[in-house]
Structures are given as C-alpha cells and as structure tokens.
Amino acid sequence: MQTSSRLTYIFLALVIVCEASLLLIDIGLFYAHRARVLSGGLYVLKDLIAIVMYAVLYYLIRMQLKRYALPDSPLWLEPAESFWKGFTSFGLLLSATVVLGWLLPRSGYDTQSPDGFWRAMSLQTVFKTHLITLGFGSLLLASLVVLERLIFFRRAKNTQSNFLAMVVLMLVASLSEIGSLPQEIGNPVSIAFAALAIVMMLVNAFRLSWVLPLSRSDKIRTLFLVIGILAELVPFYAMDCPDYFLAYSGTVGFFLSSITTFVAIYLATTLFSLLSYLPTSEALERKNSEVRNLYAMSRFASEVFDEEKIYSSLVSYACSAAGASSCGWLDLYQPFDEKSLNAEQAPHLPNLQWKTSKGYFKTVVRQNVSTEHLHEFAAKAHFLWEEMCHNPRQIRVDDIETDSRIVKDATPLTNFLRRLGRKRRKEPAKIVSTLSVPLISRANLIGVLTVAKDVEYGFVKDDVELISTFADQAAIAIQNSRLVREVIDKERMQQELAVAQKIQLRLLPHTPLAVPNYEMDSLSYPAFEVGGDFYDYLALSSSNSSICKFGVMIADVSGKGASAAFYTAELKGIFQSLCTLYPDTPSDLLIRANETLSRSLDRKSFVSALYAIFDVHSHTVRFSNAGHCPMVLLTAEGAQLVKVPGLALGLNAGDLFQRAIRTETLFLKPGDAVVFYTDGLIDAVNSAGEPFGFERLLTLLSAHKHRSASEIKQALFEAVNTFAGAGGSVKDDLTILVIKRCDTPASH
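Residues numbered from 1 in each chain as written. Predicted model: local features only at pLDDT ≥ 70, side-chain atom pairs only at ≥ 80, totals over all residues. Heavy atoms only, no water.

**Topic: the overall build of the protein**
Helix and strand counts for the protein stand at 21 helices and 18 strands. Taking 2.2 N^0.38 as the reference for a compact globule, 748 residues should give roughly 27 Å; the C-alpha atoms of the protein span a radius of gyration of 50 Å, well beyond that estimate. Dimensions of the protein, computed from the C-alpha atoms along their principal axes, are close to 155 × 80 × 45 Å. A buried classification covers 48% of the 748 residues belonging to the protein. Counting contacts in the protein only where the partners sit at least 6 residues apart, residues at least 24 apart contribute 72% of the total. Total accessible area on the protein is roughly 36,400 Å²; 58% of this is exposed by carbon and sulfur atoms. (Helix = DSSP H or I, 4+ residues; strand = E, 2+ residues; numbered from the N terminus. Rg over C-alpha atoms; globule rule 2.2 N^0.38 Å. Buried < 20%, exposed > 50% of the residue type's maximum accessible area, 1.4 Å probe, protein only. Contact = heavy atoms within 4.5 Å. Areas by Shrake-Rupley, 256 points an atom, 1.4 Å probe, with all protein chains shown as cover.)

Pasting the structure below:
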C-alpha cells in the first residue's frame, strides 16, 4: 500500500473516531440538559475534537479534488462542471434535510427556554444535528477549495495573501468561540474578526478572472447554476441549518457559517460578472478564434513546405475567420512572360479558369462553393482578376448586384429591384459580398485569395486585416516552400553533375601511350563541374609489341553540363570505333564522325575537333582540323601555328563539311613537338580583361622548346594561371596535349 493511501485511511479512521466521540458527548449533554447538570469543560472538549476532525476532513477533501484534477488545468477543475456538482449536491442535502424534518418532526432546538439554553427537543435532534453538519460541512469545505482555485486563476501579486488573510481572520473569529455555548456565540472579539473577514471576503469576491475565458454557452450555463445555488441558500437558512452548525460546535459552526457567507458573496459577484460579460461573449469568442487561427496559420507556415497543404489551409483558415456561412477559393497567377507558360499554351492546361491581359488565374482550391457559382461570379466580376494583375491590392465588393464596378449606370430603383430579385430566388445566393487579397512574394503576384459571404456588406475592417494577415503568412510559406524545393533541386543537380564528372574523367586516358622515341603528356580541367573538352590516344598499329602508328584526338563540345558530358561520351565511342577503320586519313574519320554526330546533336550544339595520326617510322603527322584551334608546331627555330581549314562537327551533315575538310602532313625532326589545346587556353583573361592569345602562346612555347613534353605542358599551364592571376579567370574548359619526338632514342 502506498504511503498516501495509508495516510488517507488513517485520517478517515480519525474522522470516524472524532465523529463518534462527538456524538457520544452530545448524547451525554442531552441527558445532562434534561437533568440540568451541565459542564462547560465538555463544550471545550467538543470544540477541540471538532476542530481536529474538520481540519482532517478539509485535508481529505482537498486531496480528493486534486486527485481528480483535469490534465494541464491550472484550476484543477472546470468552473461550469464544479457549479453543477455544487448545485446538485446542495439540492440533495436540502432534500435530505426536508425528509428528516418530515420523518422527525420534533428534532429541533428550543431557543426560547426560560434559562436561555438551547434545548434539544428529543434525542433525534442530536442525530439530525450531526447529519446536517457533517453533510453541509463537507460540502462547504469543498466549496472553499473550489473558490480558492477560481480565485487563484491568473493570480496577481496579492491574490494569495488576500485569500490567506481572509481564511486566517475566519479561523481567528471561530477559535475565539472555543468553549462557548450555542446561545453565547457572538462575543465582541469574534464579531470584530468576523467583520474584518467579511471585508476580505469582498476583496476576494472580485477575483473573477476565470469568467472571461468561458465560452458563451458555458457562461449561460454557469449563470443559471449560480442563480440556482443562490436560490438553494434560501431554504438552507429557512430550515435553520446554521443553528445546527452552532449546536454541533461553536467554533466549527462559526467557521462553517463564515464559509456560507463567503460562498453567498462570491456567487453574487459572479452573477453580476456573468451578466456583464454575456453580451460581449460572441465578439470575444470570435477574437479568440481569430487569435487561434492566426497562431495556427503562423505555425503551419513555418512548419509545412507542401504547397498543396498551404493552399488548402489558407482557404480553410480564411473561411473559418469569415464565419460558418462563408466560402472561399485560391487562384494562382501565371503571367504569360514566364517560361512556364505563354498565351498559346495556357488555354490547354488543366484547371485554368480566368484569363486576363497579362496572364491566367488558376483556381487550385475552393471551399463551400461549386464550380457553377464560381463561373457565375466570374461572369459578373471579371474586373477583379484584371485589376489584381495590374495593381495587386485588397478589393472588396459589398454587393455584387449593385456594385458600380459590376453594374454600370445603376439607379437606386434598379438596385432595389436587383436585391429584391435575389431574395425571391429559390436557391439562396452563395456569393453576395467578397473580399479578395493578393499573395505577394518578392514583389511579385503569386495568387489571389477570395472569401465570400451570403450577405451584403459582410466584411468589416477586422475581417480585412485578419484575412490579409493570413494571405501574407501563406505567401511567406509558399516562398519558403519554393526556396526549399529549389535547394533540393540544386542539390540533386549537383549530385548528378558529380556523377557525370566522375564518368567524364573516366573517359579521358589515365596514362599516355608508351611509344618508342616519343613522349607525350596532357591535362584537362573543366571550368564547371562537367566540361565539354575531350582528348584521347589510341594505338593504330604495332610491330613486335611496339606501337608504330597512333592517333590523337582533341575536341571541344559547345556548351557545358550534362549535355556536354553526354556528347563527349558519344564522341569517345565514335573515335574508338572509327579510328581503326580509317588508320591513314584523318579526314575520313572526321567525315564519318560528322555524319554520326549530326544525327544526335541538337541544333545549337557542335563539336570542334582535331585529329592527328603519328607514324613512328616515317616520323610524319597527318592531321585534319574540324573547326578546332590550330595546333602549334614547336621546332628548333621556334613555335608556329599550323592552320588547316575545316568545319566543326555537327554544323553541316552534307557535302559542305566534306569539301571544307582537308588533311595535311608534317615531318617531325628530332626534338620537334606538336601542342594541342582548347580555346580555354587562349581565351583566359587577366585582371585587365586582356586575353592570353596566340602571341603569348607562341612566345612561351618558343622559350621552352628544348624541354620535355611534361615540362612544356606544366610551363604552359602555370603561365596561363599566372596570367589570369587573382583578378582574371580561365572562363572555359582548359586542355593541353603535348607530343614530342625525342632528340635521341636514349632520351625516351
């Protein structure tokens, strides 16, 4: 058994023992009265036992009420429910008292005896006194606990001290009556403290903060219950119940009578408070509803990123704020000048309803209104959408039958007839007055929220402000939702580009070919995640495990990103499949590559390429250029550009490409080298905006003509980056490929 339960049983046993002791003492006093043998010491003992008993009883009642407290309720209780329990309990006790009076007609006190003593008419009076005091006393103690909780609701700084002062004064006034006989109750000390207690009762009686938050229905219910309890006090006093309290114990009876007085005062002030608040309850409830809706909308706007839910919630909250009979809908705006929509496409898209001179409004959510009603309204008030797209602002229509923007040249008589005709319709009009507010994000109109009522002049200033606040919150939520979606799309795109970058890097050769008497090296850096540059080596023929002929291609696909990566992958496949079929003439490979690529490249894309075939035995280079940067021949005399005409791949799929393409041959002496590159090299700019250019390229290569292929590549790369510096940039993909014939066979 838990300690609290054990303590409860102990206290209950103590109450029973005390009550039994008091009953025995009163029986003894009854016979002592009859024998005219009285002892004042027994009254002192009675009061002490009664004080202990009712102190324990108060503790048990308080713990019992707290045990059944409502979760998260600062009051432990609901006021209307507590008043209902008080009313029914009081009524039952009164009924029981009436029955006792009927069954025991001689169970009162003779207060007019010659010696001045209150004499019980019979032994039954003793039992009736104990039943009345125990029943009403327990109920009054419970009432004191309930009133304490009501008074402490939204307590102020002095609330607790005022209540405690009242209780202390009531206790002091009651304790001053210890040992007093019933007819002696009311000594000057107790009256003085009782008067002070009444003052504090009045102070505490105006602590009625719990009345205001009650709903209108609870206020009405509580009002009738308070009236009922006050009415029950009339028979309570008429049946002399307070006299039974005093006969039971002067001290406890005085305290219970004080509680009765406080209950009556508090109920009286509660009655007047309820009467004063009742007329404004509806407006107060509406305000509370608005605050709740605004709070809910604010939380919703910060937590929800699903645009569809934001749309439906916005319309729902707006209709809730406008009233039960209202309806509403949300139109999203799509201007013609956006990429997502144009005037030709718009009429063919679903759910589009209202066309204006600048775009379309599409109804995405509607509540309590049919499509037929919307079309009927649009036929009359189309100006609303037209004005919204030109000058977004709040637009209120007080009566669609008489509004001057809808009905031209209307007279008072025609307006009256129109209103009369609307009232005579079989089906009540759903849309009579409307309020439309724009949803604006980043100074752009994204939609219009419209709320309608079935009465004229249905919207006041408060409605306009509240619904506009909803629209502003929703606009922010929509903006956040779109930003989140953009971030997600961007992250997904970056992940896809990272995958494309890995794939593209795998397309490039990891190591150069090992060719006798030749050395080669290369590098490639994309300007963005995925570039359009491509190069590759491939052995065309070999003898005794030694390469005697190899092909080299360098290319640059127009554009960047995933499409460029896709074309480079396609180009690699074409190169590797065709180079062995055309091992002698580079132009043949480029012509076939052009035919293949022309079928897959889009209109805005093309590929510049330079293909060269190196013969290790004859030390010749046969090459063709399809619109690519001219290669550089680096000899002992210096560097020079080797220009060969040709069209880029994909620009023309017919004879023009074949007529333009040519094949040239160069002889490489020992120490000679050729340098392939892409336009990222010569288009690199410094802080002054000057391009790196061909002149710097030739000068630099001439200065490094005696170095190895790797050294030439590295010198060229460092020179470009130094040239760009902090203020310049390499705007395009950068690829460098150097192939050099060694001076002597031993140098390889």
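Okay, back to it.
**Topic: the confidence of the model for the protein**
Low pLDDT marks regions whose predicted coordinates should not be analysed in detail. Model confidence for the protein is summarised by a mean pLDDT of 85, while 93% of its residues fall at 70 or above. This model gives residues 339-343 a pLDDT under 50, and the stretch forms eight contacts once residues within four places in sequence are excluded. (pLDDT = per-residue confidence, 0-100.)

**Let's talk about the sheet that holds strand S15 (residues 638-642)**
The strands making up a sheet associate through hydrogen bonds between their backbones, and the pairing can be parallel or antiparallel. One open sheet accounts for five strands, arranged S9-S18-S17-S14-S15; its pairing is antiparallel. Since the sheet does not close on itself, it has two edges, and those belong to strand S9 (518-525) and S15, each with one partner. Taken pair by pair, the neighbouring strands of this sheet meet at an average axis angle of 15°, ignoring direction. The pairing of strand S14 (residues 631-635) with S15 spans five bridges and is classified as antiparallel. Each bridged residue has a counterpart across the sheet, and for Leu-634 the counterpart in S15 is Ala-639. In the packing of helix H20 (residues 693-703) onto the sheet, the strands contacted are S14, S15 and strand S17 (673-677), and the crossing angle to S15 comes to about 140°. Sheet strands touched by helix H21 (residues 709-724): S9, S14, S17 and strand S18 (734-741). Its angle to S9, the strand with the most contacts, is close to 25°. (Pairing = 2+ DSSP bridges. Axes fitted to C-alpha atoms, helices over the stretch in contact; angles between N-to-C directions.)

**Things to note about the pairing of S18**
Across the eight residues of S18, eight count as buried, placing the element largely inside the fold. Of the two faces of S18, both are covered, the one formed by Leu-734, Ile-736, Val-738 and Lys-740 as well as the one formed by Thr-735, Leu-737, Ile-739 and Arg-741. Sheet topology note: the S9/S18 ladder contains eight bridges and is antiparallel. Counted as the bridge partner of Tyr-518 is Arg-741 from S18. Pairing of S17 with S18, which is carried by five bridges, proceeds in the antiparallel orientation. Of the residues in S18, the one forming a bridge with Phe-676 is Leu-737.

**Overview of the sheet that holds strand S11 (residues 546-557)**
The sheet built from five strands is open, its strands ordered S10-S11-S12-S13-S16 with antiparallel pairing. With partners counted over all chains shown, the strands left at the sheet margins are strand S10 (533-543) and strand S16 (664-667), one partner each. The sheet shows a mean angle of 20° between the axes of neighbouring strands, taken without regard to direction. Judged from the six bridges that link them, strand S12 (residues 607-615) and strand S13 (residues 620-626) form a sheet pairing that is antiparallel. Residue pairing for S13: Ile-613 is matched across the bridge by Arg-622. The sheet contacts of helix H16 (residues 562-578) involve S10, S11 and S12, and relative to S10 the element is tilted by about 10°.

**Focus: the nonpolar core**
Counting 67 residues, the largest nonpolar core has Trp-210, Ile-259, Phe-262 and Tyr-266 as the members making the most contacts within it. Element by element, the count of residues in this core is highest for helix H4 (residues 123-152), at twelve residues. In contact with Phe-262, not counting residues within four places along its chain, are Leu-144, Leu-147, Ile-151, Phe-163, Met-166, Met-201 and Asn-204. Counting 52 residues, the second-largest nonpolar core is a separate cluster that includes Phe-534, Tyr-535, Ile-547 and Val-644. (Core = buried A, V, L, I, M, F, W, Y, C linked by side-chain atoms within 4.5 Å.)

**Digging into the pattern of salt bridges**
Applying the stated criterion to the full structure yields 19 salt bridges. Where Asp-403 meets Arg-405, a salt bridge forms, and the shortest distance between an N and an O atom there is 3.0 Å. What you see here is one network of salt bridges that share partners, running through Arg-62, Glu-148 and Arg-149. (Salt bridge = Lys/Arg side-chain N within 4 Å of Asp/Glu carboxyl O.)

**Details of the side chain of Ser-468**
Tracing the backbone shows Ser-468 in helix H15 (residues 461-507). Residue classification places Ser-468 among the buried positions, given a relative accessible area of 11%. When residues no more than four places from it in sequence are discounted, the contact partners of Ser-468 are Gln-394 and Val-437.

**Quick word on the packing of H4 against helix H9 (residues 250-277)**
With their axes 10 Å apart at the nearest point, H4 and H9 run at an angle of 45° to one another. With respect to their mutual orientation, H4 and H9 come out oblique. For H4 against H9, the interelement crossing comes out left-handed. Touching Thr-133, Gly-137, Leu-140, Leu-141, Ser-143, Leu-144, Leu-147, Leu-150 and Ile-151 of H4 are Phe-255, Leu-256, Ile-259, Thr-260, Phe-262, Val-263 and Tyr-266, all from H9. Of the residues belonging to the contact of H4 with H9, the class tally is twelve nonpolar, four polar and no charged. (Parallel < 35°, antiparallel > 145°, perpendicular 65-115°, else oblique. Left-handed = near helix turned anticlockwise from the far one by under 90°. Nonpolar A, V, L, I, M, F, W, Y, C, P; charged D, E, K, R; others polar.)

**Quick word on the side chain of Thr-678**
Within the fold, Thr-678 resides in the loop between S17 and helix H19 (679-682). Judged by its relative accessible area of 0%, Thr-678 is buried. Polar contacts involving the side chain of Thr-678 include one to the main-chain amide nitrogen of Thr-735, which spans 3.1 Å. With residues up to four places along the chain from it excluded, the contact list for Thr-678 reads Asp-533, Ile-554, Ala-555, Asp-556, His-628, Cys-629, Asp-733, Leu-734 and Thr-735. (Polar contact = N/O pair within 3.5 Å; in protein donor to acceptor, adjacent residues only side chain to side chain.)

**Looking at a nonpolar patch on the surface**
Judged by side-chain polarity, Val-44, Leu-48, Leu-171, Leu-175 and Ile-178 come together as a nonpolar surface patch covering roughly 370 Å² of accessible area. Locating Leu-171 in the fold gives a position in helix H5 (residues 159-175). Assessed through its relative accessible area of 37%, Leu-171 is described here as partly exposed. (Patch = residues over 30% accessible without salt bridge, like charges linked within 9 Å, V, L, I, M, F, W, Y side chains within 5 Å.)

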